[in-house]
Amino acid sequence: MPQGLRVQSLPRTQIFLNTPQQLCVPVIKNNVLPPAEVLSLVRHIDLKCYAITPNTSLNQQLSLRQLNPVLTPIIPTHGAQVLTARRLCVPVQKAGDVIPDEVLKIVRWIDLEKFDLVTPALPTVSLTLRHINPVLAGLPIEPAVLSGAGQPALPVAKHGNFPPG
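Rules behind the numbers
The residue numbers shown here count from 1 along each chain, following its written sequence. Residue-level local features of this predicted model are given only where pLDDT is at least 70; pairs of side-chain atoms are given and counted only at 80 or more, and the full residue set underlies all totals for whole chains, interfaces and linings. Derived side-chain values reflect all non-hydrogen atoms in the structure, with water molecules and hydrogen atoms excluded from consideration. Runs of H or I in DSSP of at least four residues are treated as helices and runs of E of at least two as strands, each being numbered from the N terminus. In this scheme, a residue with accessible area under 20% of its type's maximum is buried, one over 50% is exposed, and one in between is partly exposed, where area comes from a 1.4 Å probe on protein chains only. Two residues form a contact once any of their heavy atoms are found within 4.5 Å. For the area figures, the Shrake-Rupley method with a 1.4 Å probe applies, and any residue is considered shielded solely by the protein chains shown. On a scale of 0 to 100, pLDDT captures the predictor's confidence in every residue. Between any two strands, pairing holds if DSSP finds at least two bridges. Lines fitted to C-alpha atoms define the axes, with helix axes restricted to the stretch in contact, and inter-axis angles between N-to-C directions lie between 0 and 180 degrees. Any two cysteine sulfur atoms within 2.5 Å of one another count as a disulfide. Of the grid points, spaced at 1 Å and generated over the protein atoms alone, those admitting a 1.4 Å probe that cannot get out make up cavities, while open sets with protein on both sides within 12 Å along at least five of seven lines make up pockets; any residue with an atom within 4 Å of a point is treated as lining. Grid points are joined across faces, edges and corners, and a volume is the space filled by probe spheres set on the points. Here the nonpolar group is Ala, Val, Leu, Ile, Met, Phe, Trp, Tyr, Cys and Pro; Asp, Glu, Lys and Arg are the charged ones; every other residue, Gly included, is treated as polar. Here the nonpolar core consists of buried residues drawn from Ala, Val, Leu, Ile, Met, Phe, Trp, Tyr and Cys, with membership extended through side-chain atoms lying within 4.5 Å. Any carboxyl oxygen of Asp or Glu that lies within 4 Å of a side-chain nitrogen of Lys or Arg is treated as forming a salt bridge with it.

Before going further, it helps to examine the overall build of the protein chain. When helices and strands are counted, the protein chain shows two helices and nine strands. Counting the 165 residues in the protein chain, one finds 32% classified as buried. Considering only contacts in the protein chain between residues 6 or more positions apart, those separated by 24 or more positions represent 78%. As displayed, the protein chain offers around 10200 Å² of accessible surface, 58% of which is attributable to carbon and sulfur atoms.

Let's shift gears to the confidence of the model for the protein chain. Summing up the model confidence of the protein chain, the mean pLDDT is 85 and the portion of residues at 70 or higher is 88%. Low pLDDT, under 50, characterises residues 1-8; the predicted model gives this stretch 14 contacts beyond four residues in sequence or across chains.

The strand order across the open sheet formed by three strands is β2-β7-β8, and the pairing between neighbours is antiparallel. Strand pairing shows two members of the sheet lacking a second neighbour, β2 (27-29) and β8 (142-146), which therefore form its edges. Taken pair by pair, the neighbouring strands of this sheet meet at an average axis angle of 40°, ignoring direction. Where β2 and strand β7 (residues 125-131) come together, three bridges link them in antiparallel fashion. Note that in β7 the partner of Lys29 across the bridge is Leu129.

With 11 of 15 residues buried, strand β5 (residues 78-92) lies mostly within the body of the structure. Bridge count for strand β3 (residues 46-53) against β5 is six bridges, and the pairing is antiparallel. Looking across to β5, one finds that Cys49 is bridged to Cys89. Sheet topology note: the strand β4 (residues 57-64)/β5 ladder contains six bridges and is antiparallel.

Our next topic: the state of the cysteines. Scanning the entire structure with this criterion turns up one disulfide. A sulfur-sulfur separation of 2.0 Å characterises the disulfide bridge that pairs Cys49 with Cys89. Taking the sign of the torsion about the S-S bond as the criterion, the disulfide between Cys49 and Cys89, at about 110°, is right-handed. With a gap of 40 residues between them, Cys49 in strand β3 and Cys89 in strand β5 connect regions that are remote in the sequence.

So, about the layout of surface pockets. Taken as a whole, the largest pocket spans an internal volume of roughly 1700 Å³. Together, 40 residues line the largest pocket, and Val27, Lys29, Gln66, Asn68 and Leu71 are the ones closest to its centre. Sorting the residues of the lining of the largest pocket by element identifies β2, α1 (36-42), β5, β6 (112-118), β7 and β8 as the ones contributing at least two each. Per-class residue counts for the lining of the largest pocket are 31 nonpolar, six polar and three charged.

This next bit is on the nonpolar core. Grouped together as the largest cluster of nonpolar side chains are 12 residues: Tyr50, Ile52, Leu58, Leu62, Ala80, Val82, Ala85, Leu88, Val90, Phe115, Leu117 and Leu154. Those elements that provide at least two residues to this core are β3, β4, β5 and β6. Tallying contributions element by element places β5 first for this core, with five residues. Counting residues in each nonpolar core, the second largest holds nine residues, with Ile45, Ile99, Ile110 and Leu112 among its members.

Let us now look at the pattern of salt bridges. This model, assessed by the stated rule, comprises two salt bridges. Across the pair Arg86 and Asp116 runs a salt bridge whose closest N-O atoms are separated by 2.7 Å. Placement of Arg86 in strand β5 and of Asp116 in strand β6 is noted, with a sequence separation of 30 residues between them.

Encoded structure:
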């Protein structure tokens, strides 16, 4: 099973953004804080996800491994069939969030394409989530249950514009 996507084998695609469907915001899981330098970056990553057309098929078999320390001991490395592109998630700034320049230089390049995914049955995980974006940080802690993997978000470059460095 391939360990990652081979960039040279994936064709460029042209898509059209349709209706916004999701807003992805940063949270802390089970009250486990990342190091301060990581928190100062991720607390400003908000992504607005749009439906896209055409829905191209990636049709790639991958092996996925959790990196977040809260999920690593619970969700094992597993195979996944990555199928059809459904959404493009692009960085946005919520009113009231003042993003420091050094953070904005990174966050502005986070573009993710979300695909349908088929995986074996994975463990159900109960979590508590706490918002960390400055605009939402006052909201109460929320319970959440992860009951399967539905759409991985893979990094993409728009119009061939790759991040510097």
